[in-house]
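Summary of the model geometry
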Amino acid sequence: MTEADVHSLYVKYGYFLFRRCLTYVGDEATAQDAVQEVFVRAMQAVGGFRGDADPKTWLCRISDHHCIDLLRRRRSRGELPGAAGRAPDDDPDDDSDGQRGRYRLIHNDDPESVLTARRLMAAMDPHARRLAVLYFVDELTQDEMAAELRLSRRTIGKQLNKLVARAKALLAERKRAI
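Computed from a predicted model, the values in this text were never measured in an experiment.

Here we come to the packing of helix α2 (residues 28-45) against helix α3 (residues 55-76). The geometry of α2 relative to α3 is characterised by a closest axis approach of 9 Å and an angle of 125 degrees between their N-to-C directions. Put simply, α2 runs oblique to α3. The two elements α2 and α3 meet at a crossing, and its hand is right-handed. Taking contact as the criterion, the partners of Thr-30, Ala-34, Glu-37, Val-38, Phe-39, Arg-41, Ala-42 and Ala-45 in α2 are, on α3, Trp-58, Leu-59, Ile-62, Ser-63, His-66, Cys-67, Leu-70 and Arg-74. Each residue belonging to the contact of α2 with α3 can be placed in one class, and the counts come to 10 nonpolar, three polar and three charged.

Of note in this structure, Arg-150 is not a glycine but carries a positive phi near 55 degrees. Looking at where Arg-150 falls in the secondary structure, it is placed in the loop between α6 (142-149) and α7 (153-177). Of the residues examined, Arg-150 reaches a relative accessible area of 76% and is grouped as exposed.

Okay, the pattern of salt bridges next. Here the structure, examined in full by the defined rule, presents eight salt bridges. Ionic pairing is found between Arg-61 and Glu-148, a salt bridge with its closest N-O pair at 3.0 Å. One end of the pair, Arg-61, is in helix α3; the other, Glu-148, is in helix α6, with 87 residues separating them in the sequence. Owing to a relative accessible area of 36%, Arg-61 belongs among the partly exposed residues under this scheme. For the salt bridge of Arg-130 with Glu-148, the shortest nitrogen-to-oxygen distance reads 3.0 Å. Residue Arg-130 is found in helix α5 (residues 126-137), and its partner Glu-148 is found in helix α6; the two are separated by 18 residues along the sequence.

So, how was this worked out
Residue numbers here run from 1 along each chain, matching the order of that chain's written sequence. Under the rules for a predicted model, residues below a pLDDT of 70 receive no local features and side-chain atom pairs below 80 are neither given nor counted, while totals for whole chains, interfaces and linings still include all residues. Hydrogens and water are ignored here; the side-chain numbers use all heavy atoms of the structure. Fitted lines through C-alpha atoms give the axes, limited to the stretch in contact for helices. The angle between two N-to-C directions lies from 0 to 180 degrees. Helix and strand definitions follow DSSP, with helices as H or I runs of at least four residues and strands as E runs of at least two, each counted in order from the N terminus. Every angle not falling under 35 degrees, over 145, or within 65 to 115 is termed oblique; those three ranges are roughly parallel, roughly antiparallel and roughly perpendicular. Crossings are assigned a handedness: left-handed for a near helix turned anticlockwise from the far helix by less than a right angle, right-handed for a clockwise turn. Contacts between residues were defined by any pair of non-hydrogen atoms, one from each residue, lying within 4.5 Å. Basically, the charged four are Asp, Glu, Lys and Arg, the nonpolar ten are Ala, Val, Leu, Ile, Met, Phe, Trp, Tyr, Cys and Pro, and anything else, Gly included, counts as polar. Under the scheme applied here, a residue whose accessible area is under 20% of the maximum for its type counts as buried, over 50% as exposed, and between as partly exposed, the area being computed with a 1.4 Å probe on protein chains only. Put simply, a salt bridge is a Lys or Arg side-chain nitrogen that is within 4 Å of an Asp or Glu carboxyl oxygen.

Structure (structure tokens):
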């Protein structure tokens, strides 16, 4: 892959990666900076890209790692809420059937739902945020998520259940506050 190829990837996937980074970081300026950093890193790593993965997948991984690192740095500096907050342990009897509709909380065509989704994402820790992006934005199956995150399918199901429970709790808090 050449620098010209990376430029064409920027033209092709720049906006997609901007939306992805925006989902993680929550504000446009930071998301734009993150996309620029993703392509700087891609340019630096262009010689090491062997073509084993789809270039879009490669860029998504770079953006995920960069955004999660950015969020961790912000959290360690106290710039993000919930630095000490952790979800309770998994329920060992809890299992997921893998049906996508089971986790439907937000409807993309409802502007209020989209705003609520952004607020929910801002309240999540980086791991939960990545899980949410992979499932709700990338629409990966639980098996695909397990392969991507190098976790078992059962663990992914448990984590999605916790994620949805946390999202429902945050939605309930928002409704009470209104």
